[in-house]
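Remarks on the overall topology
In case you want the letters, here they are:
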Amino acid sequence: MTTNMRYKSRIIKTEDSEDKQYVGFATLPNQVHRKSVKKGFDFTLMVAGESGLGKSTLVNSLFLTDLYKDRKLLNAEERISQTVEITKHTVDIEEKGVKLKLTIVDTPGFGDAVNNNECWKPITDYIDQQFEQYFRDESGLNRKNILDNRVHCCLYFIPPFGHGLRPVDVEFMKALHERVNIIALIAKADCLTPNETKKLKDRVRDEIERFGIKVYQFPECDSDEDEEFKQMDKELKECTPFAVIGSNTVVEARGQRVRGRLYPWGIVEVENQSHCDFVKLRNMLIRSHMHDLKDVTCDVHYENYRAHCIQQMTSKLAQDNRMDSSIPILPLPTPDAETERLIKMKDEELKRMQEMLEKMQQQMHEKDQ
Amino acid sequence: MFSFLRALKCIEILNQTTLSLVPQNEEKRSLSLGGHVGFDSLPDQLVSKSVTQGFCFNILCVGETGIGKSTLMNTLFNTTFENEEASHYQNGVYLRPRTYDLQESNVHLKLTIVDTVGFGDQINKDESYKPIVDYIDTQFENYLQEELKIKRSLFNYHDTRIHICLYFIAPTGHSLKSLDLVTMKKLDSKVNIIPIIAKADTISKSELHKFKIKIMSELVSNGVQIYQFPTDDEAVAEINSSMNAHLPFAVVGSVEEVKVGNKMVRARQYPWGVVQVENESHCDFVKLREMLIRINMEDLREQTHARHYELYRRCKLEEMGFKDTDPDSQPFSLQETYEAKRKEFLTDLQRKEEEMRQMFVNKVKETEAELKEKERELHEKFEQLKRMHQEEKRKVEEKRRDLEEEMNGFNRKKLAAETLSLSQPLKKDKDKKK
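Here's what I pulled together on the structure shown here.

Conventions and cut-offs
Residues numbered from 1 in each chain as written. Chains lettered and ligands numbered in written order. Predicted model: local features only at pLDDT ≥ 70, side-chain atom pairs only at ≥ 80, totals over all residues. Heavy atoms only, no water. Helix = DSSP H or I, 4+ residues; strand = E, 2+ residues; numbered from the N terminus. Buried < 20%, exposed > 50% of the residue type's maximum accessible area, 1.4 Å probe, protein only. Contact = heavy atoms within 4.5 Å. Areas by Shrake-Rupley, 256 points an atom, 1.4 Å probe, with all protein chains shown as cover. Salt bridge = Lys/Arg side-chain N within 4 Å of Asp/Glu carboxyl O. Pairing = 2+ DSSP bridges. Axes fitted to C-alpha atoms, helices over the stretch in contact; angles between N-to-C directions. Buried area = accessible area lost by both parts, 1.4 Å probe. Polar contact = N/O pair within 3.5 Å; in protein donor to acceptor, adjacent residues only side chain to side chain. Nonpolar A, V, L, I, M, F, W, Y, C, P; charged D, E, K, R; others polar. Core = buried A, V, L, I, M, F, W, Y, C linked by side-chain atoms within 4.5 Å.

This part is about the overall build of chain A. Of the regular secondary structure elements, chain A holds ten helices and nine strands. Among the 369 residues that make up chain A, the fraction classed as buried is 41%. When contacts within chain A are restricted to residue pairs at least 6 apart in sequence, those whose partners lie at least 24 apart make up 68%. Per element, the accessible surface of chain A, about 22,300 Å² overall, is 51% carbon and sulfur.

Written out as structure tokens, the structure is:
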């Protein structure tokens, strides 16, 4: 269901008896629609997970293109002390007049080395950098052409070969859940029978809850949505994490040419709902929740970052009570490390002295009494 | 006449046999038998003896948690070994050996399966290979200790040395993981390794072919020596060499049975089809079973003993200082080496004793000297004090004498004065009277 169709079904049919009361702002959705089509959309998607889990194949299957031509894969020997890199691929795709600038951020090398301590640090640094850049642009004087490079969604691939989440999965998701929307996926789901899939999903859901990882939650349906939508939404929520299969090849199955994987014992169809959750993922990611992902990124993750940033900057000013709060928050040039350290030290000293003063005052007060 | 010829022949034969007894040029002659002697039953005797003794086989399974090690063992041996699912959150790798007694027809097999728990789960996997290497070395060490004992019972000994290591490779489809490469390099000189691609029902045929080639080329380019099935025995040379080309085996394990056609077979049921474990076009399970159990089990045990164990033993003994040849390149026997070592040890001991005694004597001398010194000092002090005392006494004596003299003098003067005064008033009176 595209947003297009949903809004169309909402247009109030003008009836003659209501002509006088019909103001006409019911066409607002249409206007929004037209403007947004003209402006075009952008979306940044990050894929993370160990190599060999089918990330590139899935991205190709999702967007029905080949983003990873001529990719060089490293040998095992080269990967022993591999560091994580961040690579970006940007493509412009168009469908029915709607333009989408899609950026895929890849993380080759994640989890590949023998020692993976803090292998998620380059990724968190990258996300913070994008936030910081947007923050500066937003606070700048000329705000006409802000490039939004913030990561809107992160697909995290969990290997299906284990019994659930592994320590590196848990650490990665905990480092990222406050910065980006995480959608957990079970990769290469064609190695799991339906029973095993269900068990693994339950396991992963439990562990996500147990470790307090905040993955992306689908927004609650409004009560006036139609039943079909509510049903779909419910199914979607019960299905996480999605067990997906991707394919770069087209095979012939049941008389049709479909994307799938050919095995001696059968053909796995990527778009068959009884084979895997690929269709659900695609619908959710692209067809219904893409904009919500962007909104959550802007309203929640970015605002968190921004508040945190500003707090840090103004904690130095908070000592002076005479400062009123209407100071325009300009992006101060970040002081270098040395002065920052000194400032912090002085800060702490002042705080300590204040506490001591308070204590002494209290004591004096008690003595008086 | 005939008896004379027979006697001659006998003497000839005797001469020949005596000649052959003297090892002049070490040439073995092959003689043809005149009839059935019966030593062709030797292999059978060996077999029946080993059957009564029972066989022993130890498998080490190395692979990530959840990759299918226990399931594959269950499938291979067609039974269910009790095992609980391991968790991903172990702090380190530890090995879990379990011994089972299996029997098939009249052959007893003491099977030990060693599992690596927690392998590949930690964030920092630098030390992951150490527990495995330590375990293998410990088993070798135990056997070596038993071998070196004075009273030993090798025929009764439960051999726990690992005969085969099955290394489970995750089916990523790209290449080996870095952890796999590092671990296999550390293990290849200690144990027979057979790499296996686990959960192979997730790789399609074309991907599998590329994957196998990539893995083998990576192993070769990094110098990892995996177990090659032996091709010197003509009975199995052909099948072994063809199997060598199929390494690493892509296996699927399952203990559940699914109805295919009109039979129940071990398989995995998917919505898109059924993967049969024993179907050669689906996976290499049958090949693995043939190679591992039906054909080469004995060779694996032999290789472990003859190659890996010997290497360990040699390194260990060299470490302890044993050599095979002394400086003149004459072969040493172990006894002589023992003797030499013992002598060395004893002389060492004696020398140390001497040293200690020497030290002791020295110390005693030192303390004696100190004491003497102290005594002398004290004595000196005493003398000094005595002298002082004498001095004082003398002075005091002198003073006393002086005082006495004065007193005497004074007394005399007093007497003199008195007598004078007595006689004086008479004189005065006399003067007055005049």
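More follows now that the structure is in view.
Okay, the pattern of salt bridges next. This structure, assessed with the given rule, holds 49 salt bridges over all chains. The partner of Asp125(A) in a salt bridge is Lys121(A), with the nearest N and O atoms 3.5 Å apart. In this pair, Asp125(A) and Lys121(A) are both assigned in helix H4 (residues 121-139), four residues apart and thus about one turn of the helix distant. The partly exposed category is assigned to Asp125(A), whose relative accessible area is 36%. The exposure class assigned to Lys121(A) is partly exposed, which follows from its relative accessible area of 40%. For Lys201(A), the salt bridge goes to Asp277(A), with nearest N and O atoms at 2.5 Å. Of the two residues, Lys201(A) is situated in helix H6 (residues 194-210) and Asp277(A) in the loop between strand S9 (266-269) and helix H8 (278-288); the sequence distance between them amounts to 76 residues. One exposure class covers both Lys201(A) and Asp277(A), and it is buried. Beyond isolated ion pairs, a larger network of salt bridges with shared partners links Glu50(A), Arg166(A), Asp169(A), Glu64(B) and Lys177(B).

Residues and elements named next belong to chain A. Strand order in the open sheet made by the six strands is S2-S3-S1-S4-S5-S6, with mixed pairing throughout. The open sheet has two edge strands with one neighbour each: strand S2 (87-95) and strand S6 (242-243). Where strand S5 (residues 182-186) meets S6, two bridges bridge the pair, whose relative direction is parallel. Directly across from leucine 185, in S6, lies its bridge partner phenylalanine 242. Packed on one face of the sheet, helix H9 (residues 290-314) meets strand S1 (41-48), strand S3 (98-106), strand S4 (153-158) and S5 and runs near 80° to S1.

Here we take up the interface of chain B and chain A. Where the parts come together, the accessible area they lose is often given as the size of the interface. Each partner contributes to the interface: chain B provides 44 residues, whereas chain A provides 54 residues. Taken as a group, Tyr89(B), Ile123(B) and Trp272(B) account for 21% of the area that chain B buries against chain A, more than any other trio of residues on that side. Across the chain B-chain A interface, the total number found is three salt bridges. For Glu50(A), the salt bridge is made with Lys177(B), and the minimal N-O distance between the two is 3.2 Å. Here chain B and chain A share 18 residue pairs in polar contact (both at pLDDT 80 or more) between them. Of the residues that constitute the side of chain B that touches chain A, the class distribution is 16 nonpolar, 16 polar and twelve charged.

One finds Leu155(A), Phe172(A), Leu285(A) and Leu166(B) to be the most contacted residues of the largest nonpolar core, which totals 157 residues. With sequence-adjacent residues up to four places away left out, Leu285(A) is seen in contact with Phe43(A), Leu45(A), Leu62(A), Cys153(A), Leu155(A), Ile183(A), Met290(A) and Leu293(A).

Scope: geometric values only; no functional claims are made or implied.
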